[in-house]
Amino acid sequence: MTRSAGFSNRFNPAAIGLSIFFAAYLLLATQIHIDLWSLDSFFTARTFPFFAGGIGFGSSVLISVHQFVRPSATLSTPTTNSFRYPPVLIMIVLMSLYITLIDLLGFIVSSIIFIATAGRLSGSEHQFLLITVAFAVPVLLGWILSLLGIYLDPGAIFAGVEVFK
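What comes next concerns the included structure. (Residues numbered from 1 in each chain as written. Predicted model: local features only at pLDDT ≥ 70, side-chain atom pairs only at ≥ 80, totals over all residues. Heavy atoms only, no water.)

## Here's the deal with the packing of aromatic side chains
Move 1: Scanning all chains against the criterion turns up 2 aromatic pairs.
Move 2: Taking 5.4 Å as the distance between ring centres and 80° as the angle between the ring planes, the aromatic pair formed by Phe-21 and Phe-22 counts as edge-to-face. Per residue, the accessibility class of Phe-21 equals that of Phe-22, and both read buried. (Phe/Tyr/Trp six-rings, centres within 6.5 Å; stacked < 30°, edge-to-face > 60°. Buried < 20%, exposed > 50% of the residue type's maximum accessible area, 1.4 Å probe, protein only.)

## Observations regarding helix 4 (residues 107-121)
Each α-helix turn comprises 3.6 residues. Residues three or four places apart therefore point the same way.
Move 1: The terminal C-alpha atoms of helix 4 lie 21 Å apart, and with 15 residues this matches the ideal 21 Å at 1.5 Å per residue to within 8%.
Move 2: Every buried residue belonging to helix 4 is among Phe-107, Ser-110, Ser-111, Ile-112, Phe-114, Ala-116, Ala-118 and Gly-119, and all of these are buried.
Move 3: Remark: Gly-123 follows helix 4 within two positions and exhibits a positive phi of approximately 90°. (Helix = DSSP H or I, 4+ residues; strand = E, 2+ residues; numbered from the N terminus. Expected span 1.5 Å × (residues − 1).)

## Points about the nonpolar core
Move 1: If you look at the biggest cluster of nonpolar residues, it comprises 8 residues: Phe-21, Phe-22, Leu-94, Met-95, Tyr-98, Phe-107, Phe-114 and Ala-118.
Move 2: Elements represented by at least two residues in this core include exactly helix 1 (13-29), helix 3 (85-105) and helix 4. (Core = buried A, V, L, I, M, F, W, Y, C linked by side-chain atoms within 4.5 Å.)

## Thoughts on a nonpolar patch on the surface
Move 1: Together, Phe-11, Ile-16, Ile-20, Val-65, Phe-68 and Val-69 line one region of the surface with nonpolar side chains, adding up to about 530 Å² of accessible area.
Move 2: Broken down by secondary-structure element, the contributors of at least two residues to the nonpolar patch are helix 1 and helix 2 (47-69).
Move 3: Tallying contributions element by element places helix 2 first for the nonpolar patch, with 3 residues.
Move 4: Inspection of the secondary structure assignment puts Val-69 in helix 2. (Patch = residues over 30% accessible without salt bridge, like charges linked within 9 Å, V, L, I, M, F, W, Y side chains within 5 Å. Areas by Shrake-Rupley, 256 points an atom, 1.4 Å probe, with all protein chains shown as cover. Salt bridge = Lys/Arg side-chain N within 4 Å of Asp/Glu carboxyl O.)

## Examining the environment of Gln-31
Move 1: Relative to the elements of secondary structure, Gln-31 occurs in the loop between helix 1 and helix 2.
Move 2: Residue classification places Gln-31 among the exposed positions, given a relative accessible area of 61%.
Move 3: Here the alpha-carbon distance between Gln-31 and Arg-46, two residues 15 residues apart in the chain, equals 8.7 Å.
Move 4: A polar atom in the side chain of Gln-31 sits 3.4 Å from the side chain of Thr-30. (Polar contact = N/O pair within 3.5 Å; in protein donor to acceptor, adjacent residues only side chain to side chain.)

## Looking at the layout of surface pockets
Move 1: Empty space within the largest pocket amounts to approximately 1,400 Å³.
Move 2: For the lining of the largest pocket, the secondary structure elements donating two or more residues are helix 1, helix 2, helix 3, helix 4 and helix 5 (127-147).
Move 3: Across the lining of the largest pocket, the residue classes tally to 30 nonpolar, 8 polar and 3 charged. (1 Å grid on protein atoms, 1.4 Å probe; cavity = no way out; pocket = protein on both sides within 12 Å on 5 of 7 lines; lining within 4 Å. Points joined across faces, edges and corners; volume = space filled by probe spheres on them. Nonpolar A, V, L, I, M, F, W, Y, C, P; charged D, E, K, R; others polar.)

## Description of helix 5
Move 1: When the terminal C-alpha atoms of helix 5 are compared, their 30 Å separation across 21 residues agrees well with the 30 Å that a helix rising 1.5 Å per residue should span.
Move 2: Inspection of helix 5 places Leu-130, Ala-134, Pro-138, Gly-142 and Leu-145 among the buried residues, and these make up the whole buried set. Along the axis of helix 5, the buried residues cluster in a sector spanning 75°; they form a single face. The outward face of helix 5, more than 90 degrees from its buried face, is lined by the exposed residues Phe-128, Leu-129 and Leu-147. (Arc of directions from axis to C-beta.)

Written out as structure tokens, the structure is:
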């Protein structure tokens, strides 16, 4: 390997950190209680966490592997500007906060806040598109789940509001 293609330049700390985060998320998803009457169902309380965690874990592992196996000529010399730990740490804290706030705010409201905040922190320049996606995706997913008869807890704050019942 040339000097510019050093071994340490082949690792992507952000992708490795996200892989560990999603692996822990998948491990915790196995602890979700499933009622006896829903054991034979196609969609249970564990299905969406496994789906989302699996996509996150698979994507972050693929990013790590891609950077590790790509040709040496495409690797750049590492600089202090190339290591961006603070944004990665902020996103991990934001994901942890999102998971924590689902009980308080419910899936739809906390997802809207999470998507809008994560998009803004990642430097999205298209604010209208970001707000549209932040509202449309959770609301559409909530509507589809309600059509399937899957109850989404509105959260402790909105439990008494008639619209969310």
